[in-house]
Amino acid sequence: MYSKNDDPAGGGGRPPSRFKASGLRSRHLAAHVVVAAWAVLALLAASAQQTLPVARWLAIHLFLLGAATTAIVVWSEHFAVAMLHAPQPDRRWSNARLAGVNAGAAGVLAGVWADLPVLTGAGCALLIAAVGAHLVVLVRMGRGALGGRLAPIADYYRAAAAALIVGAVLGWLLATGQAGPQHYTGLKLAHVHVTLLGWIGLPVLGTLFMLWPTVLGVRMAERTTRLARRVLALTGGGLLITVAGLSAGRRSAAVLGVALYAVGVAVAAQLFARTVRRRPAISAAAAWMLAAAGGWLVVGVVTDLVLLVVRPPAELRDDIGSLLPVLLVGLVAQVLIGALTYLLPIVLTSGPKERAALRAVLERGWAARLVVLNLGVALLALPLPGPPGTAGMLMAGAAGAVFLALAVRVLVRGGRGLLQNTDRAGVSRRPALWGTVAGAVLTVLAVLVANSGGDTGGGTSAAGTSGAGAGTTRTVAVTLADMRIRPARVEVAAGTVLRLKVTNTDAQRHDLKIEDGPATPMLAKGGTRVLDLGQVTGNRQAWCTLPGHRAAGMTMDIVVKEDTATDSGEHKGHTSAAAADGGPDLSADFSTGWQARGADLAPAPGGTVHKVELHAAHTTVEVAPGVQQQMWTFGGSAPGPTLHGKVGDTFEVTLANDDEGMGHGIDFHAGSLAPDVPMRTIQPGERLVYRFRAEKAGAWLYHCSTAPMLQHIGNGMYGAVIIDPPGLEKADHEYVLVSSELYLGTPGSTAQVAKMRQNTPDAWVFNGVADQYAKQPLKVKAGDRARFWVVAAGPSDGIAFHMVGTVFDTVYKEGAYLLQPDQAGGAQVLDLAAAQGGFVETTFPQAGHYAFVDHDMRHAEAGAHGMVEVSR
């Protein structure tokens, strides 16, 4: 039976007398001051997520890598000595290892936060060296030790140390970008699992075998030793399989590993539950908090297992991220609070009376804190974004802050007692450890203050970074949506302190990573973070880190302008990241007053003879957001006017060549006649009358007939002729969409012609303008029948016309119906080769936004897409 004055490290016996004699109290006091300092910094970072870069990452790692790691290193060594009945390790080397762990953690945190990969690598190396030395000590401690019933628990600490080494290596690969995008998801999941379930979970489980009955004041179960070995085999083995499976991209292996881990946790939980007896615990506060933490461990592991089973890895990464606060606060923080509530009075005092006094301080209001903390964790665990999640975070933070305040008070009181004892004993106060501790904390604080962006007064400039914009601060609103970052280009004067307020307005999650700089976490829709880039002195690029998104165009240029007069911070023209290969920036805005080309098909004019006059000329038009391009046009537009008639109608087209530099002709696919005369090239100033009879229905192409036709069509000399099939019923809406390629540059230049010959357009467009119907959607009402005439003008590419959110019940292609409403089938795509045409019909079932695209996604993502806005 334990007494209230027992040291839990004794593992069933009285605490070793050397604990008091060797001055370990001073070391524990100093170590827990460091733990408290890390925890305070974590709370500060968590509360400043709107202003600090990588604040969420910082808060998590300040807590895990700083507070939890320091506590685990101290207590695992202390418990291992007691459980193995081993000699006390040399305290100087113990202090050196602890200092190495904290300095390494500070280096990692500062390196990632300040985006200094070298410092990050050095921090990881120091951390691995210190924890590796800790592991060696734990292994050597078992050799020749007397051992005891709880000796197997030391294996939990050894396995945990090995897990932290693996986690540090994976973390370094992720933080420095060495992992590569193809391995990022798997390695990140492996890093999260090996850290949470290994470095944190294993020592927690192992310690509970001893600490749980100690806190309850009952004897350990006889089978504790045997079950402890079995649980370690299940959890440690399962974790090993999980990490290997995730790293190798084998989800089935990861599922098996977590399942084994869950079984191990269940075995331990069953033992702990049977240990509970109906008698007052030595510390009810500690017991309830440890029990609640164990409950959250079970919830976390089971949820993790379910997510691994039902979610693909790419989605799981975000879901695990959502689970992190639950594991961190519900499990880790609560275990830390519960353990310290019981242990701090023991290690900081030398008598029962003093111990009871300190414990009373730590237990103040524990029931209310327990409820508030776990209610907060529950709110965080539920999928309730917005106010409930914020309330949960505030509740958990408030409960943690209250305990920290109580712990600081206890540490101060314990420190005073220690100083009195050491003064009486004539023992030095060992300033080396305190100096190391203070140095680590001050380093982190210095980095936080220096990089927080709070001082933008312009009085400082980093390493000669002052410039035209020194002393000024700019905040630019950045949105993530539709596979684009807007604005795609930000121009600032050299030395400007730049902040980006990043908001994801897309349904899909995105983040923003600054080249050699900070990054936001993965943002759900509506999520906002502020990235502080500090003083910007050189051009940089930013992008979304999700696989493939950068290549798809989610990039942004930050350009330093030497002339402050040009410091606009706005998008300029079409030069952008997306235009790095010469393509237009689709995220930009069209010119003021710009209007999309009307896509409505005008009714066929009355009569059977339709006279049209087309003027061939050079015309400069806006062909993409902010991009002006000279086009060769019929009738002043590219494509030219749409001609509409019925079978049997005659079209009399007068072509006037107003182009002063070259000849042009015209070719109507809708007519059947000898091309010699009507399709001849006419010189500047000449006129030509072209008469043809539309004998066949269909959607027809017309284009310039003058060689080289590749250039004449490619520069805009094309249009559509619509001949209604006999008996065509009236639709509520009829639209004409002529697809084509867009080649930027001087028409006829070597560079432009080369792109045409290589079939590498700058964009693909509907009705001559990239992205125009995405900016100004077509409008219909729910239930309306809409008909879309589509002509593939090329000159080289066809189209796979598709409408998102609806199916076609009518498909008419090249003069024949492929599908009509009275048939059971439906169609998803109207496929047209270059120069083919047809139409599709559909009825929009409900209000919403229905995108239409060329389903060749190279084309769609480069301008060949639009939107139908359906209202009620």
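The structure displayed is predicted, hence computed values, not measured ones.

A. How the structure looks around the pattern of salt bridges. Within the structure shown, the criterion is met by 16 salt bridges. Here Arg97 makes a salt bridge to Glu77, at a shortest N to O gap of 3.1 Å. With Arg97 in helix H4 (residues 91-113) and Glu77 in helix H3 (residues 55-84), the pair connects residues that are 20 residues apart, well separated along the chain. Like Arg97, the residue Glu77 is buried in the burial classification. Between Lys755 and Asp762 there is a salt bridge whose closest N-O contact spans 2.6 Å. Both residues of the pair, Lys755 and Asp762, count as buried. Via salt bridges that share partners, Glu734, Arg785, Arg787, Asp809 and Glu841 belong to a single interconnected network.

B. Local environment of unusual backbone geometry. A cis geometry characterises the amide bond from Ala638 onward to Pro639, with omega recorded as 5 degrees. Here the phi dihedral of Asp771 falls at roughly 70 degrees; this positive angle occurs in a residue that is not glycine. Secondary-structure assignment places Asp771 in the loop between strand E18 (763-766) and helix H18 (772-775).

C. Focus on a nonpolar patch on the surface. Among the surface-exposed residues, Val298, Val302, Val306, Val309 and Val310 lie close enough to one another that they form a single nonpolar patch of about 390 Å² accessible area. Positionally, Val310 belongs in helix H10 (residues 284-310). Accessibility expressed as a relative area gives 53% for Val310, which makes it exposed.

D. View of the pairing of strand E26 (residues 848-854). Among the seven residues that make up E26, five are buried, leaving the element largely enclosed by the rest of the structure. Relative to E26, strand E21 (residues 799-803) is paired through three bridges, and the arrangement is antiparallel. Note on E26: the bridge partner recorded for His802 is Val853. Two elements, E26 and strand E27 (residues 865-871), share six bridges in a ladder whose sense is antiparallel.

E. Main features of the pairing of strand E3 (residues 489-493). Taking burial as the measure, the five residues of E3 include five buried ones, the bulk of the element. Here E3 shows a buried face lined by Arg489, Glu491 and Ala493 and a second buried face lined by Val490 and Val492. Where E3 lies against strand E8 (residues 555-561), five bridges are found, and the strand directions are parallel. If you follow Arg489 over to E8, its bridge partner there is Asp557.

F. Representation of the sheet that holds strand E4 (residues 496-504). Ordered by their spatial adjacency, four strands build an open sheet running E2-E1-E4-E6, and the pairing between neighbours is mixed. Each edge of the open sheet carries a strand with a single partner, namely strand E2 (484-486) and strand E6 (528-536). In this sheet, neighbouring strand axes are inclined to one another by 25 degrees on average, regardless of whether the strands run parallel or antiparallel. Both strand E1 (residues 473-481) and E2 contribute to a ladder of three bridges, which runs antiparallel. Within the sheet, the bridge partner assigned to Thr479 lies in E2 and is Arg486.

G. Representation of the confidence of the model for the chain. When pLDDT is averaged along the chain, the result is 81, and 81% of the positions lie at 70 or above. Within the model, pLDDT remains below 50 along residues 1-22, and this stretch shows 48 contacts once partners closer than five positions in the same chain are excluded. Predicted confidence is poor over residues 425-469, with pLDDT under 50, and the contacts of this stretch with residues over four places away or in other chains come to 61 contacts.

H. Broad picture of the packing of aromatic side chains. Tallied over the entire structure, the rule returns 22 aromatic pairs. Note on Phe801 and Phe808: the rings are 6.2 Å apart at their centroids and 10 degrees apart in plane angle, and the pair reads as stacked. Taking relative accessible area as the criterion, Phe801 reaches 0% and is therefore assigned buried. Taking the relative accessible area as the measure of exposure, Phe808 reaches 1% and is therefore buried. Ring geometry for Phe801 versus Phe852: centroids 6.0 Å apart, planes at 40 degrees, classification tilted. You can see Phe801 sitting in strand E21 and its partner Phe852 sitting in strand E26, a full 51 residues away along the chain. Accessibility classification places Phe801 together with Phe852 in one group, the buried group. What links up through ring pairs into an aromatic cluster is the set Tyr735, Phe766, Tyr773, Phe788, Phe801, Phe808 and Phe852.

Rules used throughout
- Residues numbered from 1 in each chain as written.
- Predicted model: local features only at pLDDT ≥ 70, side-chain atom pairs only at ≥ 80, totals over all residues.
- Heavy atoms only, no water.
- Salt bridge = Lys/Arg side-chain N within 4 Å of Asp/Glu carboxyl O.
- Helix = DSSP H or I, 4+ residues; strand = E, 2+ residues; numbered from the N terminus.
- Buried < 20%, exposed > 50% of the residue type's maximum accessible area, 1.4 Å probe, protein only.
- Patch = residues over 30% accessible without salt bridge, like charges linked within 9 Å, V, L, I, M, F, W, Y side chains within 5 Å.
- Areas by Shrake-Rupley, 256 points an atom, 1.4 Å probe, with all protein chains shown as cover.
- Pairing = 2+ DSSP bridges.
- Axes fitted to C-alpha atoms, helices over the stretch in contact; angles between N-to-C directions.
- pLDDT = per-residue confidence, 0-100.
- Contact = heavy atoms within 4.5 Å.
- Phe/Tyr/Trp six-rings, centres within 6.5 Å; stacked < 30°, edge-to-face > 60°.

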